[in-house]
Amino acid sequence: MHGSRIAAVGHYQPAKVLTNEDLAGMVDTSDEWIISRVGIRTRHIAGADEPVDELAAHAAAKALASAGLAPGAIDLVVVATSTAIDRSPNTAARVAARLGIPSPAAMDVNVVCAGFTHALATADHAVRAGAATRALVVGADKMSDVTDWSDRTTCVLVGDGAGAAVVEACPPGEEPGIGPVLWGSVPEMGHAVRIEGTPARFAQEGQSVYRWATTRLPPIARQVCERAGTAPEDLAAVVLHQANLRIIEPLAEKLGAVNAVVARDVAESGNTSAASIPLAWSKLVERGEITGGDRVLLFGFGGNLSYAGQVVRCP
């Protein structure tokens, strides 16, 4: 078995931008109230004619182009999403059809905000085991479909988008580019973040999530680094789930990654659930804030009070 690596990343956001001022005309809120509590200024919202698999396909196509690969090079498609409306065909199959990937294994992973890091670990394991040669891993969510736009506690948080990565086997002798995953959950607290009901609606117990994320997750994030044999001060970037600046900043500080760029894409994209990590990561790469070979901590957390993280090398 050989390790795997990231060949390329890509991202996509819908054109429509919803500002805090726009939201203030919809619910009882203000730009100052939103920024002071969650640090979000804008978010992108998909139209009724833009399903989540379309968002995912755009990001995936960008990652494929960046890797210089044709769709036929992919034999596994894993899409992390919790906002697919239809149960079958699954989102991964629809993405494969949109891109013309001929006969891949295609599966969806629903671990909500920790979905991408779970999906990345799944692809890494498949490549390591020889069950796949190259995998397309996508995090995509259309949170606007499951949002109550009259509830100011949740509607100010969410955005739509997608991010993707191409995973391939490392050549013999090359150090793996995807470190060991550390994952888990607190299932008895799964009610703290929910997308449920008919129609499905997003809801959360904000204070419970905040306390868990800022007190329980920092030592887990440090364990992710230990598993990878990487000291936090040697990280070039930290890409946490983009939930809320009031969670991201203290978690990053407690980790001790003093030399790292900390992704703060939540300010312009909102909480895009499974899309948030690959979306923020791809933007750092695109802007040149991190470069090939840099070590990056990816750490997802949220729904189900699940978490998953790994240290990866930047493509």
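What this report covers is the structure whose coordinates are included nearby. (Residues numbered from 1 in each chain as written. Predicted model: local features only at pLDDT ≥ 70, side-chain atom pairs only at ≥ 80, totals over all residues. Heavy atoms only, no water.)

**Thoughts on the pairing of strand β9 (residues 193-196)**
As a reminder, the rule being used: Only strands that DSSP links by at least two bridges are regarded as paired with each other. Strands here are runs of E lasting at least two residues and helices are runs of H or I lasting at least four, both read from the DSSP assignment and numbered beginning at the N terminus.
Bridge count for β9 against strand β10 (residues 201-204) is four bridges, and the pairing is antiparallel. Looking across to β10, one finds that V193 is bridged to Q204. Turn length for the β9-β10 hairpin, with the two strands adjacent in sequence and antiparallel, is four residues, and the turn residue G197 shows positive phi of about 95°.

**What about the pairing of strand β4 (residues 76-80)?**
The test is simple: Relative accessibility thresholds used throughout: buried, under 20% of the residue-type maximum; exposed, over 50%; partly exposed, between the two (1.4 Å probe, protein chains only). Handedness of a crossover is defined as follows: with both strands directed away from the viewer, a clockwise route from the first strand across the helix to the second makes it right-handed.
The buried count for β4 comes to five of five residues, which makes it a mostly enclosed element. In the classification by handedness, the crossover that spans β4, the intervening helix α4 (residues 91-99) and the parallel strand β5 (residues 105-109) is right-handed.

**Points about the sheet that holds β5**
Applicable threshold: Angular values range over 0 to 180 degrees, each being the angle between N-to-C directions of two axes fitted as lines to C-alpha atoms, with helices fitted over their stretch in contact. Pairs of residues are marked as contacts when any of their non-hydrogen atoms sit within 4.5 Å.
Judged by pairing direction, the sheet is mixed, and its five strands sit side by side in the order β1-β7-β6-β4-β5 without closing on themselves. Because the sheet does not close on itself, it has two edges, and the strands there are β1 (4-12) and β5. Within this sheet the neighbouring strands show an average axis-to-axis angle of 15°, counted without direction. The pairing of β1 with strand β7 (residues 160-169) spans eight bridges and is classified as antiparallel. Residue pairing for β7: A8 is matched across the bridge by V166. Set on the sheet, helix α5 (residues 115-128) makes contact with β1, β4, β5, β6 (134-142) and β7; between it and β6 the angle comes to about 165°.

**Some details on the pattern of salt bridges**
We count it as follows: When a carboxyl oxygen of Asp or Glu lies within 4 Å of a side-chain nitrogen of Lys or Arg, that pair is called a salt bridge.
One pass over the structure, following the stated rule, counts 16 salt bridges. Between E196 and R194 there is a salt bridge, with the nearest N and O atoms lying 3.2 Å from each other. Here K283 makes a salt bridge to D265, at a shortest N to O gap of 2.8 Å. Of this pair, K283 sits in helix α11 (residues 276-286) while D265 sits in the loop between β12 (261-262) and α10 (266-269), and the two are 18 residues apart along the sequence. D265 shares its class with K283; the two are buried.

**Examining the nonpolar core**
Rules: As used here, the term nonpolar core means buried Ala, Val, Leu, Ile, Met, Phe, Trp, Tyr and Cys residues forming a set that is joined through side-chain atoms within 4.5 Å.
Ranked by internal contacts, the top residues of the largest apolar core, which has 45 residues, are L217, L235, L297, F299 and F301. Among the secondary structure elements, those contributing two or more residues to this core are α2 (31-38), α7 (206-215), α8 (217-228), β11 (237-240), α9 (245-255), β13 (295-302) and β14 (306-313). No other element matches the six residues that α9 contributes to this core. Beyond its immediate chain neighbours, meaning those up to four positions away, L235 contacts C225, T230, L255, A257, N259, A260, R295, V296, L297 and V311. With 34 residues, the next largest nonpolar core counts V78, V109, F116 and A123 among its residues.

**Quick word on α4**
Let me state the cut-off plainly: By arc we mean the arc of the directions from the helix axis to the C-beta atoms, nothing more.
For α4, every residue scored as buried is listed here: T91, A92, V95, A96 and L99. Buried residues along α4 cover an arc of 140° about the axis, so they all sit on one side. Those residues of α4 that are buried lie in contact with α3 (52-67), β4, β5 and β6. Of the residues flanking the end of α4, it is G100, one or two places downstream, whose phi is positive at about 75°.

**Brief notes about the packing of aromatic side chains**
Inclusion rule: Only centres within 6.5 Å qualify two rings of Phe, Tyr or Trp (six-membered ring in Trp) as a pair; their planes then separate them into stacked at under 30 degrees, edge-to-face at over 60, and tilted for everything else. The rule is short: NZ of Lys or CZ of Arg within 6 Å of the ring centre and within 35 degrees of the ring normal puts a charge over the ring.
A full pass over the atoms with the stated rule returns one aromatic pair. With 6.1 Å between their ring centres and 45° between their planes, F299 and F301 make a pair best called tilted. The residues F299 and F301 share a single accessibility class, namely buried. Against the face of Y210 rests R246, its NZ or CZ located 5.1 Å from the ring centre.

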